[in-house]
Amino acid sequence: MFSASLLAQESQDKEVFKPHHQIGISINHVHVFEGRDDEGNREVLTLPAWGLDYTYHISKNGPLDCILIL
């Protein structure tokens, strides 16, 4: 019984890693602390932003990650 469960655990640990891509899109907001109003006075602005996240997993230990915020 013990040896059967040990063999089952070994087969689960030997999963083959395949490099793969991931892409994500996010909708955010950003704060601009040096903003100006119509009269030229300083004002904190809250603006919409889009984010694009591209990840390429090259190994089990860690991916290469690139984030672009528009």
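See the structure shown above.
Residues numbered from 1 in each chain as written. Predicted model: local features only at pLDDT ≥ 70, side-chain atom pairs only at ≥ 80, totals over all residues. Heavy atoms only, no water.

A. Fine view of the overall build of the protein. Of regular secondary structure, the protein possesses one helix and three strands. The order of helices and strands in the protein, counted from the N terminus, is α-β-β-β. Burial statistics for the protein: of 70 residues in total, 7% are counted as buried. Accessible surface, the protein as shown: approximately 6400 Å² in total, 60% of it carbon and sulfur. (Helix = DSSP H or I, 4+ residues; strand = E, 2+ residues; numbered from the N terminus. Buried < 20%, exposed > 50% of the residue type's maximum accessible area, 1.4 Å probe, protein only. Areas by Shrake-Rupley, 256 points an atom, 1.4 Å probe, with all protein chains shown as cover.)

B. Quick peek at the environment of glutamine 22. Here glutamine 22 lies in strand E1 (residues 20–36). Non-local contacts of glutamine 22, meaning those with residues more than four positions away in its chain, are made with Asp53, Tyr54, Thr55 and His57. (Contact = heavy atoms within 4.5 Å.)

C. Looking closely at the pattern of salt bridges. Counted by the stated rule, this structure contains one salt bridge. Note that glutamate 34 is salt-bridged to arginine 42, the shortest N-O span being 2.9 Å. (Salt bridge = Lys/Arg side-chain N within 4 Å of Asp/Glu carboxyl O.)

D. Representation of a nonpolar patch on the surface in the model. Together, Ile23, Ile25, Ile27, Trp50, Leu52 and Tyr54 make up a nonpolar patch on the protein surface, roughly 680 Å² of accessible area in all. Looking at where tryptophan 50 falls in the secondary structure, it is placed in strand E2 (residues 42–57). (Patch = residues over 30% accessible without salt bridge, like charges linked within 9 Å, V, L, I, M, F, W, Y side chains within 5 Å.)

E. How the structure looks around the pairing of E2. Taken together, the 15 bridges between E1 and E2 define a ladder with antiparallel strand orientation. Looking at E2, one finds that arginine 36 is bridged to arginine 42. The hairpin turn running from E1 into E2, its antiparallel successor, is five residues long, and glycine 40 in that turn takes a positive phi close to 90 degrees. (Pairing = 2+ DSSP bridges.)

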